[in-house]
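Fold and geometry: a report
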Amino acid sequence: MNDMTPDREERSANLKGMGCSRKRVEDARFTQGKGNYVDDIKLPGMLHGDFVRSPYAHAKVVSVNKEAALALPGVVAVLTAEDLAPLNLHWMPTLAGDKQMVLADGKVLFQGQEVAFVVASDRYIAADAVELVEVEYEELPVITDPFESLKSDVVLRPDLDGQTEGAHGPRKHHNHIFTWEQGDEAGTNQVLDNAEVVAEETMYYHRTHPCPLETCGSVASMDKVNGKLTLWGTFQAPHVVRTVASLLSGIEEHNIRVVSPDIGGGFGNKVGVYPGYVCSIVASIVTGVPVKWVEDRMENLMSTAFARDYHMTGKISATKEGKITGLHCHVTADHGGFDACADPTKFPAGFMNICTGSYDIPVAYLAVDGVYTNKAPGGVSYRCSFRVTEAVYFIERMIEVLAIELDMDAAELRRINFIKKEQFPYTAALGWEYDSGDYHTAWDKALKTVDYDGLRKEQAERVEAFKRGETRKLMGIGLTFFTEIVGAGPVKNCDILGMGMFDSCEIRIHPTGSAIARLGTISQGQGHATTFAQILASEIGISADSITIEEGDTDTAPYGLGTYGSRSTPVAGAATAMAGRKIRAKAQMIAAYLLEVHDDDVEFDIDRFVVKGAPEKFKTMKEIAYAAYNQAIPGIEPGLEAVSYYDPPNMTYPFGAYVCVMDIDVDTGVPEIRRFYALDDCGTRINPMIIEGQIHGGLTEALAVALGQEIAYDDIGNVKTGTLMDFFLPTAWEVPNYETDYTVTPSPHHPIGAKGVGESPHVGGVPCFSNAVQDAFRAFGLRHTNMPHDHWRIWQTANKLGLHE
Amino acid sequence: MIPAAFDYYRPETMDDVIAILQEHGDDARVMAGGHSLIPMMKLRMADVPHLIDLQAIDGLSDITIEGNRITLGAMVTQHDLIAHDGLTAAAPILQETALQIADPQVRYMGTVGGNVANGDPGNDMPGLMQCLDATINLIGPDGARSVAARDYYESAYMTAREDDEVLVSVSFDTPSGGHAYEKQKRKIGDYATAAAAVQIANSGGIVASASIAMTNLSDVPVWSDDAAKALIGTSCDADAVKAAVAAMLGDIDPSEDNRGPVAFKRHVAGVILTRAITRAWSRTTSRA
Ligand SMILES: Cc1cc2nc3c(=O)[nH]c(=O)nc-3n(C[C@H](O)[C@H](O)[C@H](O)COP(=O)(O)OP(=O)(O)OC[C@H]3O[C@@H](n4cnc5c(N)ncnc54)[C@H](O)[C@@H]3O)c2cc1C
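Values in this document were obtained by computation on a predicted structure and should not be read as measured data.

Here is what the cut-offs are and how they apply
Residues numbered from 1 in each chain as written. Chains lettered and ligands numbered in written order. Predicted model: local features only at pLDDT ≥ 70, side-chain atom pairs only at ≥ 80, totals over all residues. Heavy atoms only, no water. Helix = DSSP H or I, 4+ residues; strand = E, 2+ residues; numbered from the N terminus. Rg over C-alpha atoms; globule rule 2.2 N^0.38 Å. Buried < 20%, exposed > 50% of the residue type's maximum accessible area, 1.4 Å probe, protein only. Areas by Shrake-Rupley, 256 points an atom, 1.4 Å probe, with all protein chains shown as cover. Lys, Arg positive; Asp, Glu negative; His and termini not counted. Charge placed at Lys NZ, Arg CZ, Asp CG, Glu CD. Contact = heavy atoms within 4.5 Å. Polar contact = N/O pair within 3.5 Å; in protein donor to acceptor, adjacent residues only side chain to side chain. Core = buried A, V, L, I, M, F, W, Y, C linked by side-chain atoms within 4.5 Å. Near = heavy atom within 4 Å. Domains from an automatic or database assignment. Buried area = accessible area lost by both parts, 1.4 Å probe. Salt bridge = Lys/Arg side-chain N within 4 Å of Asp/Glu carboxyl O. Nonpolar A, V, L, I, M, F, W, Y, C, P; charged D, E, K, R; others polar. Pairing = 2+ DSSP bridges. Axes fitted to C-alpha atoms, helices over the stretch in contact; angles between N-to-C directions. Expected span 1.5 Å × (residues − 1).

What follows is about the overall build of chain A. Within chain A one finds 20 helices and 35 strands. The C-alpha atoms of chain A give 28 Å as radius of gyration, which agrees with the globular expectation for 805 residues (28 Å, within 12%). Structurally, chain A occupies a C-alpha span of about 85 × 75 × 50 Å along its principal axes. Residues counted as buried form 64% of the 805 residues belonging to chain A. Here chain A displays about 27,900 Å² of accessible surface, and carbon together with sulfur accounts for 51% of that area. Side chains of chain A carry 71 positive and 109 negative charges; the gap between the two charge centres is 3 Å.

Encoded structure:
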């Protein structure tokens, strides 16, 4: 049955199943401006909310005078913490086990913090009224540095006064949040103490922001007659929002409907719960009419979840030949005013403990200290699984530093330390079990494609030419080999606010042989409606074009934990395949009945069941679907539906090999990306075109972060990068031509072997761009310099190395 | 990013524009392409209760080249500059500069008049106009008057223009010799980290005349007479260029911002000017 006769080939192609570069079904509406985003929702009588925000990073709120604002025609209400307190909604729990002010309760902890919520009949009036609310502040000392914070007498969070135990164990200081330790400290120290070679480095992974093109917002509509609350919003996890909204408001969960309409990018920024959501709900309950809140770009950059801000210190030991023997990592994590990280509950530093990377490191130790400062809360995973970008940047920089220490080629150093193909499944020193990998093959392919040896030769010649004064440009070769950990995750160790991180799919086959499938995830641009239909097409033999994929409406979609951390394909994709298999099992019984043979005598063949050995006797899935609804089949219920809740047995571990070639103008600090090669292994490839698109997007966001994108504060906590003039969002102009490539190492535990790819390019791209910049200066003695590598910092590096005269 | 309420006017004659300006004083402002003014209003950094749109006024969008004199109407867009072949032939530095301003979308809207009148040290046209020794032509309640671009800028956003005056055009002599507009920026749509406008004339291998202006390196554009003088009479050799750079560095006064600290900006200003002079000079010799 397995020969691909022309007929079978055609039937298979008609399915547009897995492996086909099916065009994105979403794009027709997106490219024609017909998307339906939160701000497109307009309801009769709808009011508009806007925030009064703190200009100060740390201050007492002495008083809030609403009178002038309330006197402005069109202003309906001005809410403050005092108004929310009777409902116990002036504070809310964070995903990280902390709590956060919804509206300033006596003080503010960061610039841009929400102080009062103005509700008016018109968006413009709301904005005018914001200016009329008079807030009296009394400035307090500002702390923007976590190390200083841990030494300071200033108590940032008096609400936690005397609380020596936090959500993740003991607190060492009044501005300390948690210490998270993983691995074997004594064992690691012993190895380091006795090692032949040890390289040490301190690095700062700067604060940045996911900056989705669509900012955050919500529309709440409380129907007081039937007691139902409907909430539309920019939610990467609509079901979790429903549960949280129910727990917070006391409204029973069946009376809350949460809808994520089209979302214009999330990248982790839309995982958490923001004061704006809460205030729109409260305002709708108070006023009895729908209330919309949509933040602007500056509000998004200044107050919604940031990413990174990790101060990392590493020690890595090796033999003289370069075999790594141990790794030690300490992180001081700046969480801002509240700990609002979006990580699985038991992982306050996410999966930072994947920081042993792609290497066979016998012993390791990681400790992370979370600290409060006067900066915005957040700490989300910007286009990565929980803190994986930080982990990969850390190890890929440590490898480079070790290569310098050993005076060794960094590609070779990686090669001799990779986990070998035959070691998988591999248990890393910090506990994770890597499912599958073939790193050597990927690495060799990458180096060969870019002619690595040739590049190094050219680079050496360039250095000589530079020294002779013939050029002012240096050449950098950035290398990165990354392993991600995505698809959170097994319910046994991953939950968010107690909800296990399974995911789900529910399928209904219609009588005429088309179908709808609903999932617990929500696309923010990833193309779920395209790819999940392809998975299903291959599983159930119905063309992807005849399958609608729907997500985001909690009244209709099965419960799921949402989309972030590349979990949709590993978890909901698996649920989709499993639900498809249930459909197929029932279809098999129906087919056997229709063909008048035993169940075991039919087999699935692309889009039909055929009688074994007699392929001319068959029933197509279309015929089977019809039969499921139009005839009584003994012992089988009518209908053709299935639902699957999938609890993955393990994470998946995509990996990749990236090379970047850069020319750097030493005098102006301007880097020019000559070449970027990205080899990704995401296991089974569902839609190569979408994979390509995801890689381009992730690499571009990696370029941004490595070369300039940051949320910078001055000494008194003012955000210096609050608009897109200063916050770097690359355009087509700044982006090089990417070369993509792949190997395929399926996940052994995933039903279709897929691993997730949306975030790999970001995770691998950041260290690759950074390594290219740093590598350019290696010949002149540079060991490490921090990102972002914008013009002036690159210039400064050159300057410090004495390259200007 | 929601502006405060404002009244919108779209008068059809210049007299009406001036009447409205006179009536409302500094509560009124004219708007050309709106690509500097509207963002400021949205950020509520500019409060403009009376906004006067100039789009309906005739005769402000002409590019005229008469003999040796070039005049650009205030409402000529940056895109118009790029697309005008006659202008590019007569004064190629305009196209070279305009292509380094913002992006195509902004250039379709942004005007010469708005860019010159705005008074933002980041704008590229003011330095260019100083390099070209342009005249800025204004009209007001008391009639027309002209101010040299080199005298026009007082400090950031403060210019010689009175509140009730409108910029109608800029004019300058057809430049001779080689040109270059060199700009370093962080990304498309960014203002200059440092930019240099250079015109040089070559007479038998010797610099006959030169004009040099720098952008975003002080609170006003910097026309550096000393830098130009350092070149004149030389063969534009490395030493002369060094001397010009040293003179220019004496005239600029950059401040630290997200683009970088002062030392970096001064260094880059030197590099950018060196490159601009070199390119402008190479264009003279290649023409000769
Ligand atoms: C993303 C972006 C990037 C940009 N990058 C650059 C850049 O790299 N370089 C650069 O130079 N510019 C840049 N700009 C600015 C752009 O060129 C503006 O269009 C220009 O500065 C102002 O021209 P405008 O016609 O839009 O003027 P408007 O915004 O309409 O007006 C600007 C100011 O000039 C006054 N004004 C306008 N016309 C007249 C007149 N005829 N008489 C008197 N006063 C007048 C207005 O009252 C206002 O105060 C950028 C703008 C944007 C949005």
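Attention shifts here to the side chain of Thr243 of chain A. In this fold, Thr243 of chain A is placed in helix H8 (residues 238–249). Sequence-distant contacts of Thr243 of chain A, defined by excluding residues within four places in its chain, comprise Glu253, Met499 and Tyr559 of chain A.

What follows deals with the environment of Asp435 of chain A. Residue and element names in this part refer to chain A. You can see Asp435 is positioned in the loop between strand S22 (433–434) and helix H13 (439–450). Under the relative-accessibility criterion, Asp435 is labelled buried at 4%. The spatial distance from the C-alpha of Asp435 to the C-alpha of Asn650 is 7.7 Å, given a sequence separation of 215 residues. Non-local contacts of Asp435, meaning those with residues more than four positions away in its chain, are made with Phe424, Pro425, Asn650, Met651, Thr652, Tyr653, Ser747, Pro748, His749 and Lys755. At 2.8 Å, the side chain of Asp435 and the side chain of Ser747 are in polar contact. Of the polar contacts made by the side chain of Asp435, one reaches the side chain of His749; its length is 3.4 Å.

A few words now on the nonpolar core. Residues and elements named next belong to chain A. One finds Met352 and Phe777 to be the most contacted residues of the largest nonpolar core, which totals 181 residues. Discounting chain neighbours no more than four positions away, the residues touching Phe777 are Leu474, Ile664, Val666, Leu782, Ile794, Thr797, Ala798, Leu801 and Leu803. In terms of nonpolar packing, the next biggest core, distinct from the first, is built from 48 residues, Ile509, Ile549, Ala591 and Ile686 among them.

Looking now at the site of the ligand. Residue and element names in this part refer to chain B. Around the ligand sit 30 residues, and of these Val30, Gly33, Gly34, Thr111 and Asp124 come closest. Contact distances for the ligand include 2.5 Å between an oxygen atom and a backbone N or O atom of Val30. One of the backbone nitrogen or oxygen atoms of Leu167 is found 2.8 Å away from a nitrogen atom of the ligand. Considering the ligand on its own, with 950 Å² of exposed area, one finds that the protein chains cover 94% of that surface. Elements with a contribution of two residues or more to the shell around the ligand: strand S2 (28–31), helix H7 (112–118) and strand S10 (166–173). The element that contributes the greatest number of residues to the shell around the ligand is H7, accounting for four residues.

What follows concerns the domain arrangement of chain A. Residue and element names in this part refer to chain A. We note that the domain assignment places domain 1 (38–140 + 214–264 + 271–303), domain 2 (306–487 + 651–800) and domain 3 (503–646) within chain A. At the junction of the two partners, domain 2 supplies 20 residues and domain 3 supplies 21 residues. Contact between domain 2 and domain 3 buries roughly 1,400 Å² in total, counting both sides, with carbon and sulfur atoms accounting for 64%. The largest per-residue losses of area from domain 2 upon contact with domain 3 belong to Gly487, Ile686 and Pro751, which jointly make up 36% of the total buried on that side. Along the contact surface separating domain 2 from domain 3 lie zero salt bridges. For the pair domain 2 and domain 3, the number of links is nine residue pairs in polar contact (both at pLDDT 80 or more). Looking at side-chain class alone, the side of domain 2 that touches domain 3 contains nine nonpolar, nine polar and two charged residues.

Further remarks concern the sheet that holds S2 of chain B. Residue and element names in this part refer to chain B. The parallel open sheet is built from three strands, whose spatial order is S1-S3-S2. What marks the edges here is a single partner per strand, and that holds for strand S1 (7–9) and S2. Averaged over neighbouring strand pairs, the angle between their axes works out to 25° when direction is ignored. The pairing of S2 with strand S3 (residues 50–53) spans four bridges and is classified as parallel. Among the inter-strand pairings, Arg29 is bridged to a residue of S3, identified as Leu51.

With that settled, consider unusual backbone geometry. In this chain, Ala488 of chain A is followed by Gly489 of chain A through a cis amide linkage whose omega measures -25°. Here Gly489 of chain A shows up in the loop between strand S23 (473–483) and strand S24 (495–496). Here Met787 of chain A and Pro788 of chain A are connected by a cis peptide whose omega angle stands at -10°. Relative to the elements of secondary structure, Pro788 of chain A occurs in the loop between helix H19 (760–776) and helix H20 (791–800). For Arg387 of chain A, which is not glycine, the phi torsion reads 60° and is therefore positive. The exposure class assigned to Arg387 of chain A is buried, which follows from its relative accessible area of 1%. Phi is positive for Tyr157 of chain B, close to 65°, though the residue is something other than glycine. As for its position among the elements, Tyr157 of chain B is in the loop between strand S8 (153–155) and strand S9 (158–159). On the basis of relative accessibility, which here comes to 41%, the residue Tyr157 of chain B falls in the partly exposed class.

A few words now on the pattern of salt bridges. Here the structure, examined in full by the defined rule, presents 73 salt bridges over all chains. Residues Lys375 of chain A and Asp309 of chain A are paired through a salt bridge, measuring 3.0 Å at the closest nitrogen-oxygen approach. Residue Lys375 of chain A is located in the loop between strand S19 (363–372) and strand S20 (378–380), and its partner Asp309 of chain A is located in strand S17 (residues 306–318); the two are separated by 66 residues in the primary sequence. Of the charged contacts in the structure, one is a salt bridge between Asp665 of chain A and Arg275 of chain B, with a shortest N-O distance of 2.7 Å. Residue Asp665 of chain A is found in strand S33 (residues 655–665), and its partner Arg275 of chain B is found in helix H12 (residues 262–287); the two belong to separate chains. Owing to a relative accessible area of 31%, Arg275 of chain B belongs among the partly exposed residues under this scheme.

Turning our eyes to something else, we now look at helix H18 (residues 688–707) of chain A. All names here are of chain A. Spanning 20 residues, H18 covers 28 Å between terminal C-alpha atoms, matching the ideal 28 Å at 1.5 Å per step. Counting buried positions along H18 yields 14 of 20 residues, so the element is predominantly enclosed. N-cap assignment for H18: the residue whose side-chain oxygen lies 3.0 Å from the backbone N of Met689 is Asn687.

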